[in-house]
Protein chains: 2
Amino acid sequence: MRIRFYNAGILTMESDKVIKGELWTCDDKIEYIGDSKPSDRSFDREIDCKGNILMPGLKNAHTHSAMTFSRSLADEYCLNDWLYKAIFPREKKLTDEHVYWFSKLAFAEYLSGGITACFDMYFHLEAQTRSAVETGFRHVFCDSANDFGGIDTIEHYYNELNSYDPLISYKIGFHAEYTTCEENLKKVNELAHKYEAPVYTHISETKAEVEGCRERYGCTPAALLDKMGMFDYGGGGFHCVWFTDEDREIFKKRGLWSVFNACSNLKLGSGIAPVYKFIDNDMKIAIGTDGAGSNNALSMFREMYLDTVLSNAETGKANAVDPFKILKAGTSGGALCMGLDDCDVLKEGKKADIIMIDMNKPSMQPENNIVRNIVYSADNSCVKMTMINGRILYEDGIFSSIDIDETRRMCNKLLPELA
Amino acid sequence: MRIRFYNAGILTMESDKVIKGELWTCDDKIEYIGDSKPSDRSFDREIDCKGNILMPGLKNAHTHSAMTFSRSLADEYCLNDWLYKAIFPREKKLTDEHVYWFSKLAFAEYLSGGITACFDMYFHLEAQTRSAVETGFRHVFCDSANDFGGIDTIEHYYNELNSYDPLISYKIGFHAEYTTCEENLKKVNELAHKYEAPVYTHISETKAEVEGCRERYGCTPAALLDKMGMFDYGGGGFHCVWFTDEDREIFKKRGLWSVFNACSNLKLGSGIAPVYKFIDNDMKIAIGTDGAGSNNALSMFREMYLDTVLSNAETGKANAVDPFKILKAGTSGGALCMGLDDCDVLKEGKKADIIMIDMNKPSMQPENNIVRNIVYSADNSCVKMTMINGRILYEDGIFSSIDIDETRRMCNKLLPELA
């Protein structure tokens, strides 16, 4: 399958410049980027971009996709009550069928929002894998093992899911320090060393979590895991709201990824991660939506926007962070964070995970600065097309691999079973 | 022109309940809301809503529409520098032609974002009126008079624009206390008394503004204007970020409208209005986007969302404000604030200013709570139709009264003239 995009503005994300020209894909890869030129082979499809922008797909670097079941549910609780009173009791009732359909709903939301990969932490991994592969969605699992279960199956999934399908991969992870006792942390750590693999976890999401860790271990979660050697082969943390300067130094020294989830943190009253401090300190950063229950939308545009303006609000400056660095975090940063080294930028030989931004949307005009237009003003309505692994899965509002009517019907039908 | 909407979910905004049924419009008004029934006259069009939601259009209760020219421009400045270094010099160069086209771009953004009226403060009122009337957009002007001009023309516009076209109205206003000397404030005040009319102004947007007023007059802007009698016939203020408890008491006592602009305040580093305090105090509230230069999008969905979660962040509570009260502020609150008493809710006899929310968008599913879905998760992609005064102006991405290609072309062509 060869597709030619012409009359395009191309934002490769290797720089903040938009180049005018063509992009060709061949099967799952980008074959050519550059000026218009003849091709010696025919194309299966030729798309006139009419000046619209091609750019790498957004990468949702922290989410719980199947939690769409909990959107607009139990919005009245802060993190602790929300988890223990509303979410955990319902999660006990989840079956493969629930996870299959509610994940599919999330994948539809990702595709319509220009998201081409997610880094997902949840249960019922087989059902979710099936849902992702059927959709053609690029899916990286992060294990959510904790004291309630999952520690003993990490190794099984590590081997199985990393050789299952080109769209699927798996990273060692655990839910959080506060849900995982020292003995279980050590088991995760041993596996990380056995496979020389990076490890990911929720970290410093709430003030109470950090205070609890200090009581239990006399130090912050980042310091504890660092001392254990948990990050000897890299990895990263989700949220990073309550990081100390020392935590940031640990993450910087080890080259770990800090993944921000601004909407979820605001919603649950957890706080605001000082994104500008991570950027000023030249750290590796990525962005995620967290689950729908605590967001409530799964929009990377909203996350990127908030990462800029919340830093403004905290510093009292109008340009506390460079919007291009935020767009990098939302695209190439996320890809590298979750091990998708071939999905980070638009370049010949890279994977064809590409989105098209509709420049005829009023919010994308005028064209004073296209990167700023995208970071400050875009929403899902600006996504004209989403391609993953060379397949166009969403175009002009239509899903090619998801029956959205059926997905909507099934999700609402299944909802009462979780009440 | 009679239009029948059937198979609809109807959120009248008189309550938070969604009723199933039909809505009929006849010319500019809502003729019927209720169960399916036969009509003795024929319809010009019958629309199967397929379970999508009809609700009152969003009301943008504070904006500077033509400032779309400054989107993604000079994002590096805080309010004072932004105004004096980037905006004022360009505004001096603005002609009728600029205002006509850049307003039209804003109207397109409003329509695609479910906004059916705006409360606009800017110059070149004739050009903007022409742009609005040609578009079919409902437009309420608020004068922006200050020491640089406009005080002497308020009365002229008050009489002219309030009898010009059913879509156009005009309110007495001035830019702000810090740009309007006491003598000019007195002139505005005299007119308000002569016409027994409400008055609107930017108020307590930045800390520096309030401190400056205290130095000049020994009190806050709200206290100053209250003492002068400026609000004897009602009105309201835009921003209200740095209101004291006493300022809130003044506004409550006089029944004045507080209009919030969360995105703009974050972007410019001006601060965060404690929306929850206004709601807890049972005050009249409305919501606006401010201009594109300081937002940068003109999305009421983003504003409503932020008004909820920023209150969560400030209070550390997950439900600091009721999302239904925020949706009321964004619809009926805005309408009443700007004097559109017939555009506040869906009800027989009210104006047909109606939008349709597309429930097939993934972010609108599942249907745990439709009001929360809209406030916490909707964006412009969820707007399937926008009707103003009984005319469908936007439907499935198509504008019926705006040539978007031409608007985009003209805006970019005119941009260099303002450099």
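Per-chain numbering applies: the sequence of each chain, read as written, is numbered from 1 onward. Written order decides the labels, with chains lettered from A and ligands numbered from 1. Only residues with pLDDT of at least 70 get local features here, since the model is predicted, and only at 80 or more are side-chain atom pairs given and counted; chain-wide, interface and lining totals rely on the full set of residues.

> Explain the sheet that holds strand β7 (residues 115–120) of chain A residue by residue, including any values.
All names here are of chain A. Spatially, eight strands are ordered β6-β7-β8-β9-β10-β11-β12-β13 in an open sheet, and the strand pairing comes out parallel. Looking along the sheet, the strands with just one partner apiece sit at the ends: β6 (58–63) and β13 (284–287). Looking at each pair of strands side by side, their axes are set apart by 25° on average, direction ignored. Strand direction decides the pairing type here: strand β10 (residues 199–203) and strand β11 (residues 235–239), joined by five bridges, are parallel. Bridged to Ile203 within β11 is His239. With C-beta atoms placed from the backbone, a contact is any residue pair whose C-beta atoms sit within 7 Å. Only the stretch in contact is used when fitting a helix axis, every axis being a line fitted to C-alpha atoms; angles between N-to-C directions are given from 0 to 180 degrees. Put simply, DSSP marks the helices as runs of H or I at least four residues long and the strands as runs of E at least two long, and each gets a number from the N terminus on. The strands that helix α5 (residues 182–195) touches are β9 (168–176) and β10; relative to β9, the one it contacts most, it runs at about 150°. At least two bridges found by DSSP between two strands are what make those strands a pair.

> Summarise the relation of the copies chain A and chain B; cite the residues concerned and give the values.
By a simple turn and slide, chain A fits onto chain B: the slide is 0.0 Å along the axis, the RMSD is 0.0 Å, and the turn is 180°. The two molecules are tied by a two-fold rotation axis, judged by turn and shift. Of the C-alpha atoms belonging to chain A, the one lying closest to the rotation axis is found on Ser381 of chain A, 2.1 Å away. Alignment of the copies relies on least squares applied to C-alpha atoms, considering only residues that score at least 70 for pLDDT in both.

> Any chance you could break down the environment of Ala273 of chain A for me, citing the residues and the numbers?
Residues and elements named next belong to chain A. Secondary-structure assignment places Ala273 in the loop between α9 (262–267) and α10 (275–280). Here exposure depends only on C-beta density: within 10 Å of a residue's C-beta, 20 or more other C-beta atoms make it buried, 12 or fewer make it exposed, and intermediate numbers make it partly exposed, the C-beta atoms being placed from the backbone. C-beta crowding within 10 Å serves as the criterion here: with 26 such atoms nearby, Ala273 is assigned to the buried category. Spatially, the C-alpha atom of Ala273 lies 9.8 Å from that of Ser204, the residues being 69 residues apart in sequence.

> Tell me what's going on with the sheet that holds strand β10 (residues 199–203) of chain B, and back it up with residues and numbers.
Residues and elements named next belong to chain B. Strand order in the open sheet formed by eight strands is β6-β7-β8-β9-β10-β11-β12-β13, and the pairing between neighbours is parallel. Two strands in the sheet have a free side with no partner beyond their single neighbour: β6 (58–63) and β13 (284–287). Ignoring which end each strand starts from, the neighbouring axes of this sheet average 25° apart. Bridge count for strand β8 (residues 138–142) against strand β9 (residues 168–176) is four bridges, and the pairing is parallel. By the bridge assignment, His139 is partnered in β9 with Ile168.

Any functional reading would require information beyond the geometric quantities listed.
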